[in-house]
Amino acid sequence: MKHPEPDEEHLLRRTARGDRAAFEQFYRRTAPWLVVRLRRRCTDEQVVAEVMQETYLAVWRAAGSFAGAAAGGSAVGWVWTIAARRLVDAFRRRAHHAQPPVVTRADVVAPAAEDIALAAGVGDDVGDALRTLAPELRQVLQAMVLDGLSVRETAVLLGLPEGTVKTRARRARIAMREALS
């Protein structure tokens, strides 16, 4: 009888015990998905490659700190949070060196599946309303709604206090409601 494939959380637990095969399997499962998400936010392949390397190095070193489903998190969400932090750090390093990051523009990149589904389900009015939002409100809305991140994960991604994320999410919802009424 063949054993079922271990899930990502189980692979992280084995990685925390130094199991390289589990780490490699975790990488093979999550890296393709992660690189696509990073490329949606940054078109500079060098930055994406650096963030990927830094992320999986952090996963290898800190797999034991993953709290898991018991803390309401998923292994994939945990890896995305690490990658998002690394991407923000890369943007900050570039800003510090006066080289603005090459940020993906929505009209240049093929839309993600969830963007297509959202657009198909709600029509052009929502897209127009989203475009009228202030960038800081749109970022919070994208992270929480389109990316499905929690308030805490959004705070980490954007480098903001959780209270600020909650306030901006509330302001974004109010602005969207007004724009669509």
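From a predicted model like this one, the values you see are computed outputs, not experimental measurements.

## As for the packing of helix α2 (residues 20-41) against helix α3 (residues 45-62)
And step 1. Interhelical geometry of α2 versus α3 gives an angle of 145 degrees and a closest axis separation of 10 Å. Like other packed secondary-structure pairs, α2 and α3 cross with a definite hand, here right-handed. In this structure, α2 uses Arg-20, Phe-23, Phe-26, Tyr-27, Thr-30, Ala-31, Leu-34, Val-35, Leu-38 and Arg-39 to contact α3, whose residues at the interface are Glu-45, Val-48, Val-51, Met-52, Thr-55, Tyr-56, Val-59 and Trp-60.
And step 2. A breakdown of the residues in the contact of α2 with α3 according to their chemical character gives 13 nonpolar, two polar and three charged.

## Details of the nonpolar core
Burial of nonpolar side chains together is a common tendency in soluble globular proteins.
And step 1. If you look at the biggest cluster of nonpolar residues, it comprises 32 residues, and the most contacted ones within it are Leu-12, Phe-26, Leu-34, Leu-38, Met-52, Tyr-56 and Val-59.
And step 2. For this core, the secondary-structure elements that each account for two or more residues are α1 (8-16), α2, α3 and α4 (75-96).
And step 3. Here this core gets 10 residues from one element, more than from any other, and that element is α4.
And step 4. In this view, Val-59 contacts Leu-12, Phe-23, Phe-26, Trp-78, Val-79 and Ile-82; residues no more than four positions away in its chain are not counted.
And step 5. Membership of the second largest hydrophobic core comes to six residues, among which are Ala-129, Leu-133, Leu-141 and Met-176.

## Brief notes about the environment of Leu-12
And step 1. As for its placement among the helices and strands, Leu-12 is situated in helix α1.
And step 2. You can call Leu-12 buried: its relative accessible area is 0%.
And step 3. The spacing of Leu-12 and Trp-60 is 48 residues in sequence and 8.6 Å in space, taken between C-alpha atoms.
And step 4. Those residues in contact with Leu-12 that lie beyond four places of it in its chain are Phe-26, Val-59, Ala-63, Phe-66, Ala-75 and Trp-78.

## Notes on the pattern of salt bridges
And step 1. Applying the stated criterion across every chain, the model contains four salt bridges.
And step 2. Between Arg-29 and Glu-8 there is a salt bridge, with the nearest N and O atoms lying 3.8 Å from each other. Here Arg-29, found in helix α2, pairs with Glu-8, found in helix α1; they are 21 residues apart in sequence, far enough to count as distant.
And step 3. For Glu-8, a relative accessible area of 23% gives the class partly exposed.
And step 4. Between Arg-39 and Glu-45 there is a salt bridge, with the nearest N and O atoms lying 3.0 Å from each other.
And step 5. For Arg-39, a relative accessible area of 38% puts it in the partly exposed group.
And step 6. For Glu-45, a relative accessible area of 42% gives the class partly exposed.

## Some remarks on the side chain of Thr-30
And step 1. Tracing the sequence through the fold places Thr-30 in helix α2.
And step 2. One polar contact links the side chain of Thr-30 to the main-chain carbonyl oxygen of Phe-26, over a distance of 2.8 Å.
And step 3. One polar contact links Thr-30 to Tyr-56, side chain to side chain, over a distance of 2.6 Å.

Rules used in this analysis
- Residues numbered from 1 in each chain as written.
- Predicted model: local features only at pLDDT ≥ 70, side-chain atom pairs only at ≥ 80, totals over all residues.
- Heavy atoms only, no water.
- Axes fitted to C-alpha atoms, helices over the stretch in contact; angles between N-to-C directions.
- Helix = DSSP H or I, 4+ residues; strand = E, 2+ residues; numbered from the N terminus.
- Left-handed = near helix turned anticlockwise from the far one by under 90°.
- Contact = heavy atoms within 4.5 Å.
- Nonpolar A, V, L, I, M, F, W, Y, C, P; charged D, E, K, R; others polar.
- Core = buried A, V, L, I, M, F, W, Y, C linked by side-chain atoms within 4.5 Å.
- Buried < 20%, exposed > 50% of the residue type's maximum accessible area, 1.4 Å probe, protein only.
- Salt bridge = Lys/Arg side-chain N within 4 Å of Asp/Glu carboxyl O.
- Polar contact = N/O pair within 3.5 Å; in protein donor to acceptor, adjacent residues only side chain to side chain.

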